[in-house]
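What the coordinates show
As a plain string of letters, each chain reads:
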Amino acid sequence: MVNGGVAGDQLRAIVERIERLEEEKQGIADDIKDVYAEAKANGFDAKVLRQIVRLRKQEPNERQEHEAILDLYMQALGMRFSEDDAERRAEAA
């Protein structure tokens, strides 16, 4: 059956496949949520675990670049001291 130039049966099949995959995706998301809840119940910080999972997805050089920029920004905001700052503070003490 063709309606307006679109094969209705083919379109319906595609939409139904997408719907099934969306259901599976929701099931997997629920499973992941359960694992984080289990980790939290065992004393782990779920927020940190999410960050670790995200970092492990990155390539090592991408992760190093991100960490270097984060460190630079934190130093600029006075949230972290460089090694030179630490040495100067130690000498002044």
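You'll find the structure just up there.
1. What about the pattern of salt bridges?
- By the definition in use, this model includes three salt bridges.
- Ionic pairing is found between aspartate 71 and arginine 80, a salt bridge with its closest N-O pair at 2.6 Å.
- The class of arginine 80 is partly exposed, set by a relative accessible area of 36%.

2. Considering helix H1 (residues 8-41)
- End to end, H1 covers 49 Å across 34 residues, agreeing with the expected 50 Å (1.5 Å per residue, within 8%).
- Those residues of H1 lying buried are Gly8, Tyr36 and Ala39.
- For H1, the elements touching its buried residues are strand S2 (6-7) and helix H2 (46-57).
- The first or second residue beyond H1 is glycine 43, which carries a positive phi of 95 degrees.

3. Focus on a negative patch on the surface
- Together, Glu16, Glu19, Glu23 and Glu24 give the surface a local cluster of negative charge.
- Here glutamate 24 is to be found in helix H1.
- Exposure remark for glutamate 24: the relative accessible area of 48% places this residue in the partly exposed category.

Conventions used here
- Residues numbered from 1 in each chain as written.
- Predicted model: local features only at pLDDT ≥ 70, side-chain atom pairs only at ≥ 80, totals over all residues.
- Heavy atoms only, no water.
- Salt bridge = Lys/Arg side-chain N within 4 Å of Asp/Glu carboxyl O.
- Buried < 20%, exposed > 50% of the residue type's maximum accessible area, 1.4 Å probe, protein only.
- Helix = DSSP H or I, 4+ residues; strand = E, 2+ residues; numbered from the N terminus.
- Expected span 1.5 Å × (residues − 1).
- Contact = heavy atoms within 4.5 Å.
- Patch = residues over 30% accessible without salt bridge, like charges linked within 9 Å, V, L, I, M, F, W, Y side chains within 5 Å.
- Areas by Shrake-Rupley, 256 points an atom, 1.4 Å probe, with all protein chains shown as cover.
- Lys, Arg positive; Asp, Glu negative; His and termini not counted.
- Charge placed at Lys NZ, Arg CZ, Asp CG, Glu CD.

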